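The primary structure of each chain is shown beneath.
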There are 4 protein chains.
Amino acid sequence: MVEESESIRQKVAHYLDDFDSSISIIINLILVGLIFLSSAIFVIETYPITTSFVSQLQTIDKVIIWIFTIEYLIRFWCADSKLKFIFSSYSFIDILAILPLFIGLIDIRYIRILRWFRVLRLIRLIKLQTSLLKIQSEDTIILVRIFLLLFCLIFIYAGAIYQIEHKTNPQVFKDFFDALYFSVVTMTTVGFGDIIPLSKEGKILTVIMIFSGVIFIPWQISILTQKIFQITQQNDKVCSYCGLKSHDRDANFCKICSTKL
Amino acid sequence: MVEESESIRQKVAHYLDDFDSSISIIINLILVGLIFLSSAIFVIETYPITTSFVSQLQTIDKVIIWIFTIEYLIRFWCADSKLKFIFSSYSFIDILAILPLFIGLIDIRYIRILRWFRVLRLIRLIKLQTSLLKIQSEDTIILVRIFLLLFCLIFIYAGAIYQIEHKTNPQVFKDFFDALYFSVVTMTTVGFGDIIPLSKEGKILTVIMIFSGVIFIPWQISILTQKIFQITQQNDKVCSYCGLKSHDRDANFCKICSTKL
Amino acid sequence: MVEESESIRQKVAHYLDDFDSSISIIINLILVGLIFLSSAIFVIETYPITTSFVSQLQTIDKVIIWIFTIEYLIRFWCADSKLKFIFSSYSFIDILAILPLFIGLIDIRYIRILRWFRVLRLIRLIKLQTSLLKIQSEDTIILVRIFLLLFCLIFIYAGAIYQIEHKTNPQVFKDFFDALYFSVVTMTTVGFGDIIPLSKEGKILTVIMIFSGVIFIPWQISILTQKIFQITQQNDKVCSYCGLKSHDRDANFCKICSTKL
Amino acid sequence: MVEESESIRQKVAHYLDDFDSSISIIINLILVGLIFLSSAIFVIETYPITTSFVSQLQTIDKVIIWIFTIEYLIRFWCADSKLKFIFSSYSFIDILAILPLFIGLIDIRYIRILRWFRVLRLIRLIKLQTSLLKIQSEDTIILVRIFLLLFCLIFIYAGAIYQIEHKTNPQVFKDFFDALYFSVVTMTTVGFGDIIPLSKEGKILTVIMIFSGVIFIPWQISILTQKIFQITQQNDKVCSYCGLKSHDRDANFCKICSTKL
C-alpha cells in the first residue's frame, strides 16, 4: 500500500519535471499556456473595457490561481525533500505567483504587483523547449535564456510601474503599453524623457529598473560573446578514433583518447 | 544540347557569384549601383519636390525593381539546389526587395516599408570588395562588415520610422534626415528626447530599434576587440619537444618543458 | 617599560585591523555604524525638519567626527611606519572625513561636500565582512566590492550635487532623494532630462559624474564576467610529461603530448 | 660641406624626435605649451571680452601658427624620406593645424573649425611623457593614451559644434563650456536633451560625434580591461637566473633562459 502510493508519487513527479513522454509535455504546455493567459488578463485589464468583461476576466484569473495552487501542492507532495523544495528558487516564484489570491481577500489593490512574478515561471520553458526541439548547441540555449529573462524582467517592471504610476499619472502611463515602452527606454539607458515617473515610489522603482538593465544586459551580452569566441577558438579537426569534434586550436592529440589529430 | 545549356548555366552562375573576371565585377558593380540609386530615390521622395520629378523617380524605381526581379529569376535558374536557394538568407532579402512591386499593385502605401530591406543586399558588397582590394587581413573585413551592417540597420529603421511617423507627426519627422537622426540617437541609446514617436506603431518600432542597437553594437565591438587582441598576441613558434604552439613573442624557451624554440 | 608600551600598541593595532576576536569585530561594527549614522544625518538634514532637531543632529554629528579623529590618532600611533600610514589611501579618506570639523570652524557651508567622502570608509567593510561570513569565493568578494564602491560613488555624487544645486535650483533638487535619482539616471547614461543642473559648478560635477559612471560600471562588469568565465573553465590537472597545467574539465589525456592525466 | 649639412640635419631631427637630451625636452615642452596656448585662445574668444583683447589674442594666435609652420618646414627638411613624411598621420595633423592661416587670408570664419585639429598634436605628448617619467608599465601608457585621445576628441567636437551652432542658436550654445558639456553628455550617450543642435549641420556633426563616442569609449575600455586581466593572469615568480618578473601562470620554466621557476 505504501509502496503503491510511493510509485504514484514518483510517476506524478516524473510527469511534472521530465519531458520525455507526451503526457508530461502536454501537462507542461497547458501550465505555460495558463501563465500566458494570466499575464494577458492583467494587460487587458489596463485598457478601457466594459465592467462585465472585467468581472469575467477576474473569474478566469481566480480559476488560474487555484490551478497554480493545486499544482504547487502536488509538487510539494512529490518532492523527495520537503525542506529543500520549499527553499528552492522555483518554489519561491510559485509562492509569489499564488500569494495574491490569499492576500487579495484582505487588500487586493496594493499587493497585486506580486502577480507579475508569475511571469518568471516562464523560465521553466527553457528546460521544456530544450527537450522538445532537441537543441544540442549551447549557444542557442544561452540566447534563448537571455531573451526569455529579458522579456520577463521588462514585463514585470512594466506591470509594477503601471500599478504605481497609473493612479497619480494617468495621462502619461495610460495603459500597459506605455509602461512597457517606458521600461524598454529606461532599462536600455535610452531615456528619452517623454514618459517620466512623478511619484517617489515610481522613481525608486525606476532606479531599481535602471540597475537591473545596466548590469543584466552587458553582462549577458559579454557571456554570449565570450562563448561564441571560445567556440571560434576551437578548430574543426575530428578525432579519427573516438570521433570528438571540438578540439582547442593548439591541440596535437585528442584530449579524450590521446589519438594524434 | 542539355550539356551545352548546363555549361551556360554554370557560366552565368560564375558571373553572378565569383569576382575573378572583369565581366563579373562589372555586373556586380552595376547591381550595387542600382541598390544605391533605388535607396537614393526613396530618400529624395521624402523632400519637397515637384510632382513631375516624383513621377520620373517612380518610373526609374519601377525599372530597377524589374531588373532585380530578372536577376532573382536568373539566380534561381542558376542554383544547383532550387530548394536550398529559396530558403537561403540572400534569397529572402531579394524577395523582400522585389515584393513591393507586386504587392504595390494592390496597396502601395502601407507595404512600402519592405522596400528598405533592399539595402540589406549591400552586404554582398563585402564579398566583392574583398576580391577587388585583395584584402588579406581578417580585421579589415570584420570592420567593413560591422560598418556596412550598422549603416544598413540605421538606414532601414530610418526609412521605416519615416513611413510610420510622417503622416501623424509631420512637424517632427519632416524628411528622411530627421528620421535618420532619430534612428542614430535612439539606437546608440543617447535619446535626447527632441524627436519622439507619437503613434503606437512608431513606439513599437522604436522598441525594436532600441533592442537591435543595444544588442548589435556592443556585440560587434566586443568581437572586433577580441579579434584584434588575439592577433597582437599570437606567435607561430612550435615547441619541438612537447609540441606547445602558444608562445609569447619574446619567448626563447618553451615555458612548459624548457626546450629551445 | 618600553617593551610593555610596545606590546599595548600591537594589541590595539590588532583590535583595529584584524577581525579574529570578538572585541575587534565589535569595535569595527561600531565604527561602521557611526559612518552610517553620520551619512544618515546628512540625508535627514536635506528634508524639512524643525530647527531644534537640526541642532540635535549637528551635536551628534560633531561627536561622531571627534570619535573619528580619536580613531585616526590611535591608528597613527599604532602604525609601524608613520610615513607609510600618512600616505596610504585609507589615511587620506580618514583625513577627508574628519577635515570638515576643523575647517568648519572657519567656513562650514562650502567645504561640507568633503564630509561625503566619509562614506568611502565603508570600503573597509569588505575586509570585515569577509572575515565575518567566512566567504571563500573570490566571485562574491568582487561582487560585494563592486556594489559597495558603486553605492559610495552614487552617494558621494548625490551629496555633492545636492550641496551645489539646492541653493540655485531648489524646485528641482528638493531633497537628497532627488539628487540620488539624478545621480543614478546620469551615471548609468539614461539621462531622462527631467532633473537638470543649472549652475556652471553643477554642470562641471555632472561631467565628472558621467565619466566616473561610463568608465567604472562597464569596467567592473567586464572584470566580473571574465573572472566568472575563468573560474567555470579552470581545472587543476597537471601533465606529468610536459607539465601543462591548463586542461579542459573533460580531458583524459594532455592535448599537447598525449600523456594520461 | 654636404656631409656637414647632413650632420646638422641629423642633429636637428634628433632634437625634434628623441627625448634623451635636455635641449630636445625643452624644445618639445615649448611646442606643447604653444598648442595649449593656441587652444586656450580659441576658448577665451568664445566668452564676452573687449575688442582690443580679441585683437591681441589674434596676434598671438598668428605668431603661434607661424611657429608651427616653421616647425613643419624644419621637420620636412629633416625627414629622410620626404614622401613618407608627407603621408604620415602626424604630418597630416600638422597640415590641418597650420592650414587656417593660409586659407584664413581668403575666408577665416568658416574654415576655422580646422584649427581644432591642432589639439590632436597633443598625442605626441605621450611619447615625451613616457621618456620624462620613465614609465615602464604598459598599463599606464594605455590609460594615459585613452584619456588624452578622449580629451582631444571631446575638445575638437566641442569647438566644432560651437562654431556651427553658436550663430543660429546663441541662447543654448552661449560659450565654449556649453559646447563642452553638450559633447560630453552626447558622446557618453547620456543625452539629457537640455542642449540640442537646431541646424542641419549641427545635427550631422552630432551623429558623427555619437558614433565616435559609442565606438571609441567601449573599445578602449575593453582593451584596457583585457590588458589588466592578462597581467593578473601572470604570476609573480621571478626567474632566479635572468631575473625576468612576468611569467604566465602555467609556466614551469623561464621563457627567456629556461631556468626552472
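All values derive from a computational prediction rather than experimental measurement.

Calculation notes
- The numbers attached to residues start from 1 for each chain and follow its sequence in the written order.
- Written order determines the labels here, with chains lettered from A and ligands numbered from 1.
- With the structure being a predicted model, the display of local features is reserved for residues of pLDDT at least 70 and the display and counting of side-chain atom pairs for 80 or more, all residues being used for whole-chain, interface and lining totals.
- The basis for the side-chain values is all heavy atoms of the structure; hydrogens and waters are excluded.
- Only DSSP runs of H or I with at least four residues qualify as helices, and only runs of E with at least two residues qualify as strands; both kinds are numbered from the N terminus onward.
- Only protein chains enter the accessibility calculation, which uses a 1.4 Å probe. A residue is then buried if its area is under 20% of the maximum for its type, exposed if over 50%, and partly exposed in between.
- Any two residues whose heavy atoms approach within 4.5 Å are treated as being in contact.
- Any pair of N or O atoms that falls within 3.5 Å is considered a polar contact. Within protein, one atom must be able to donate a hydrogen and the other to accept it, and sequence-neighbouring residues count only if both atoms are side-chain atoms.
- In this analysis, the protein atoms alone were mapped onto a 1 Å grid. Cavities are point sets where a 1.4 Å probe fits without being able to get out; pockets are open sets with protein on both sides within 12 Å along at least five of seven lines; lining residues have an atom within 4 Å of a point.
- Grid points are joined across faces, edges and corners, and a volume is the space filled by probe spheres set on the points.
- By definition, a salt bridge exists where a carboxyl oxygen of Asp or Glu is found within 4 Å of a side-chain nitrogen of Lys or Arg.
- Each residue carries a pLDDT score, the predictor's confidence in it, ranging from 0 to 100.
- Accessible area that two parts lose when put together, with a 1.4 Å probe and added across both, is what the buried area reports.
- Residue type decides the class: Asp, Glu, Lys and Arg count as charged, Ala, Val, Leu, Ile, Met, Phe, Trp, Tyr, Cys and Pro as nonpolar, and the leftover types, Gly among them, as polar.
- A fitted line through C-alpha atoms represents every axis, and for helices the fit uses only the stretch in contact; the resulting angles, taken between N-to-C directions, go from 0 to 180 degrees.
- Put simply, a crossing is left-handed when the front helix is turned counterclockwise from the back one by less than a right angle, and right-handed when it is turned clockwise.
- When the copies are overlaid, the least-squares fit takes in C-alpha atoms only where the residue has pLDDT of at least 70 in both copies.
- In this analysis, a patch consists of residues with relative accessible area above 30% that form no salt bridge, clustered at 9 Å for like charges and at 5 Å for the nonpolar side chains Val, Leu, Ile, Met, Phe, Trp and Tyr.
- Where accessible areas are quoted, they stem from the Shrake-Rupley method and a 1.4 Å probe; at the residue level, only the protein chains shown are allowed to cover.
- Any helix carries an expected span of 1.5 Å times its number of residues minus one.
- UniProt positions are given in the numbering used here, feature names are shortened, and annotations may be inferred rather than shown by experiment.
- Whether two aromatic rings pair depends on their centres lying within 6.5 Å, for rings of Phe, Tyr and Trp, where Trp uses its six-membered ring; planes under 30 degrees apart make the pair stacked, over 60 edge-to-face, and the rest tilted.
- Should the NZ of a Lys or the CZ of an Arg lie within 6 Å of a ring centre and within 35 degrees of the ring normal, that charge is described as sitting over the ring.

### Some remarks on the overall build of chain A
Line of reasoning, step 1. A count of helical and extended segments in chain A gives ten helices and zero strands.
Line of reasoning, step 2. The linear arrangement of helices and strands in chain A, starting from the amino end, is α-α-α-α-α-α-α-α-α-α.
Line of reasoning, step 3. Burial analysis of chain A (261 residues in total) assigns 48% to the buried set.
Line of reasoning, step 4. Contacts in chain A between residues at least 24 apart in sequence constitute 55% of all its contacts with a sequence separation of at least 6.

### Considering the environment of Asp80(A)
Line of reasoning, step 1. Positionally, Asp80(A) belongs in the loop between α3 (51-78) and α4 (82-86).
Line of reasoning, step 2. Side chain to side chain, Asp80(A) and Arg9(A) meet in a polar contact 3.0 Å long.

### Regarding empty space enclosed by the protein
Line of reasoning, step 1. This structure, assessed with the given rule, holds 15 cavities of 30 Å³ or more.
Line of reasoning, step 2. By volume, the largest cavity is sized at about 1,100 Å³.
Line of reasoning, step 3. What lines the largest cavity is a set of 43 residues, among which Pro218(A), Pro218(B), Val214(C), Pro218(C) and Pro218(D) lie closest to the centre.
Line of reasoning, step 4. Looking at the lining of the largest cavity, the elements that each hand over two or more residues are α10 (200-233) of chain A, α10 (200-233) of chain B, α10 (200-233) of chain C together with α10 (200-233) of chain D.

### Points about the pattern of salt bridges
Line of reasoning, step 1. Following the criterion strictly, the structure yields 20 salt bridges over all chains and no others.
Line of reasoning, step 2. Across the pair Asp178(A) and Lys174(A) runs a salt bridge, and its minimum N-O distance is 3.6 Å.
Line of reasoning, step 3. Residue classification places Asp178(A) among the buried positions, given a relative accessible area of 3%.
Line of reasoning, step 4. Salt bridges linked by common partners bring Lys174(A), Asp178(A) and Lys203(B) together as one network.

### Digging into the confidence of the model for chain A
Line of reasoning, step 1. Averaged over all residues, the pLDDT of chain A is 76; the fraction at 70 or higher stands at 72%.
Line of reasoning, step 2. Within the model, pLDDT remains below 50 along residues 105-112 of chain A, and this stretch shows six contacts once partners closer than five positions in the same chain are excluded.

### Things to note about the interface of chain B and chain D
The accessible area lost on association of the parts is a frequent measure of interface size.
Line of reasoning, step 1. Tallying the contact residues gives 34 residues for chain B and 35 residues for chain D.
Line of reasoning, step 2. Note on chain B versus chain D: buried area summed over both sides is about 2,900 Å², and carbon and sulfur give 64% of it.
Line of reasoning, step 3. Run the count over chain B and chain D and you get two salt bridges.
Line of reasoning, step 4. Where Asp175(B) meets Lys200(D), a salt bridge forms, and the shortest distance between an N and an O atom there is 3.4 Å.
Line of reasoning, step 5. Breaking the side of chain B that touches chain D down by element, the ones donating at least two residues are α8 (138-168), α9 (176-187) and α10 of chain B.
Line of reasoning, step 6. Counting residues per element, the side of chain B that touches chain D draws most heavily on α10(B), at seven residues.
Line of reasoning, step 7. When the residues that make up the side of chain B that touches chain D are grouped by side-chain class, the tally is 20 nonpolar, eight polar and six charged.

### What about the environment of Leu37(A)?
Residues and elements named next belong to chain A.
Line of reasoning, step 1. Along the chain, Leu37 falls in helix α2 (residues 22-45).
Line of reasoning, step 2. Given the relative accessible area of 40%, Leu37 is considered partly exposed.
Line of reasoning, step 3. For Leu37, the residues in contact, after removing those within four places along its chain, are Ile60 and Ile64.

### Examining unusual backbone geometry
Residues and elements named next belong to chain A.
Line of reasoning, step 1. A positive phi angle, near 60°, is found at Thr189, a position not held by glycine.
Line of reasoning, step 2. Its place among the elements puts Thr189 in the loop between α9 (176-187) and α10.
Line of reasoning, step 3. Residue Thr189 is classed as buried on the basis of its relative accessible area of 11%.

### So, the packing of α2(A) against α3(A)
Residue and element names in this part refer to chain A.
Line of reasoning, step 1. One way to put it is that α2 packs onto α3 with a least axis distance of 10 Å and a crossing angle of 145°. Relative to α3, α2 is oriented so that their crossing is left-handed. Touching Leu31, Leu34, Ile35, Leu37, Ser38, Ile41, Ile44 and Glu45 of α2 are Phe53, Leu57, Gln58, Ile60, Asp61, Ile64, Ile67, Phe68, Glu71 and Arg75, all from α3.
Line of reasoning, step 2. Looking at the contact of α2 with α3 residue by residue, the class counts come to twelve nonpolar, two polar and four charged.

### A few points about the relation of the copies chain C and chain B
Superposition of the two copies of the chain requires a rotation about an axis together with a shift along that axis.
Line of reasoning, step 1. Mapping chain C onto chain B calls for a screw motion: a turn of 179° about the axis and a shift of 0.2 Å along it, with 0.3 Å RMSD after fitting. What the rotation and shift describe, once combined, is the action of a two-fold rotation axis. No C-alpha of chain C lies nearer the rotation axis than that of Cys242(C), which sits 3.0 Å from it.
Line of reasoning, step 2. Comparing interface residues between copies, 100% of those in chain C also lie at the interface in chain B; the contact surface is shared.

### Let's talk about the interface of chain C and chain B
Line of reasoning, step 1. On the side of chain B, eight residues touch chain C, which itself brings eight residues to the contact.
Line of reasoning, step 2. Of the roughly 620 Å² buried at the junction of chain C and chain B (both faces included), carbon and sulfur atoms supply 54%.
Line of reasoning, step 3. Area buried by chain C at its contact with chain B is led by Tyr241(C), Cys242(C) and Ile256(C), which between them contribute 62% of it.
Line of reasoning, step 4. Residues belonging to the side of chain C that touches chain B are distributed by class as follows: five nonpolar, three polar and no charged.

### Concerning a nonpolar patch on the surface
Residue and element names in this part refer to chain A.
Line of reasoning, step 1. Together, Ile8, Ile70, Ile74 and Trp77 line one region of the surface with nonpolar side chains, adding up to about 350 Å² of accessible area.
Line of reasoning, step 2. Tallying contributions element by element places α3 first for the nonpolar patch, with three residues.
Line of reasoning, step 3. Relative to the elements of secondary structure, Ile8 occurs in helix α1 (residues 2-17).
Line of reasoning, step 4. What makes Ile8 partly exposed here is its relative accessible area of 43%.

### As for α9(A)
Because the α-helix completes a turn every 3.6 residues, residues three or four places apart line up on one side.
Residue and element names in this part refer to chain A.
Line of reasoning, step 1. For α9, with twelve residues, the first-to-last C-alpha span of 16 Å sits near the 16 Å given by 1.5 Å per residue.
Line of reasoning, step 2. Counting buried positions over the twelve residues of α9 gives eleven, a clear majority of the element.
Line of reasoning, step 3. Among the residues making up α9, those that are buried are Phe176, Phe177, Asp178, Ala179, Tyr181, Phe182, Ser183, Val184, Val185, Thr186 and Met187.
Line of reasoning, step 4. Positioned one or two residues after α9, Thr189 has a phi angle of 60°, which is positive.

### Side note on the UniProt feature "transmembrane region" (unreviewed entry) in chain A
Residue and element names in this part refer to chain A.
Line of reasoning, step 1. As annotated in UniProt, the feature "transmembrane region" (unreviewed entry) corresponds to residues 25-47, 59-77, 89-111, 142-164, 176-197 and 204-221 in the numbering used here.
Line of reasoning, step 2. In the segment residues 59-77, helix accounts for 100% and strand for 0%; the C-alpha atoms at its two ends are 27 Å apart.
Line of reasoning, step 3. The span residues 204-221 is 100% helical and 0% strand by assignment, and the distance between its end C-alpha atoms comes to 26 Å.

### Thoughts on the side chain of Glu165(B)
Line of reasoning, step 1. With respect to the element layout, Glu165(B) can be found in helix α8.
Line of reasoning, step 2. Excluding anything up to four places from it in sequence, Glu165(B) contacts Pro170(B), Phe173(B), Ile196(B), Pro197(B), Leu198(B), Ser199(B) and Gly202(B).

### Some words on the environment of Ile196(B)
Line of reasoning, step 1. With respect to the helices and strands, Ile196(B) occurs in the loop between α9 and α10.
Line of reasoning, step 2. Exposure remark for Ile196(B): the relative accessible area of 12% places this residue in the buried category.
Line of reasoning, step 3. Between the alpha carbons of Ile196(B) and Thr186(B) there is a distance of 9.6 Å; along the sequence they are ten residues apart.
Line of reasoning, step 4. Those residues in contact with Ile196(B), other than ones at most four positions away along the chain, are Phe192(A), Asp194(A), Glu165(B), Asn169(B), Val172(B) and Phe173(B).

### Focus: the packing of aromatic side chains
Line of reasoning, step 1. Going through the model one piece at a time under the given rule, you end up with 24 aromatic pairs over all chains.
Line of reasoning, step 2. Ring centres of Phe177(C) and Tyr181(C) lie 6.5 Å apart, and the angle between their planes is 20°; on these two criteria the pair is classed as stacked. Taken together, the residues Phe177(C) and Tyr181(C), both in helix α9 (residues 176-187) and four residues apart, mark about one turn of the helix. Tyr181(C) carries the same exposure label as Phe177(C), and that label is buried.
Line of reasoning, step 3. Clustering of aromatic rings is evident, with ring pairs tying together Tyr72(A), Phe76(A) and Phe85(A).
Line of reasoning, step 4. If you follow Lys203(B) out to its NZ or CZ, it ends over the ring of Tyr181(A), 5.1 Å from the centre.

### Describing the side chain of Asp178(B)
Line of reasoning, step 1. By secondary structure assignment, the location of Asp178(B) is in helix α9.
Line of reasoning, step 2. In contact with Asp178(B), other than residues within four places in its own chain, are Val172(B), Phe173(B), Ile195(B) and Lys203(D).

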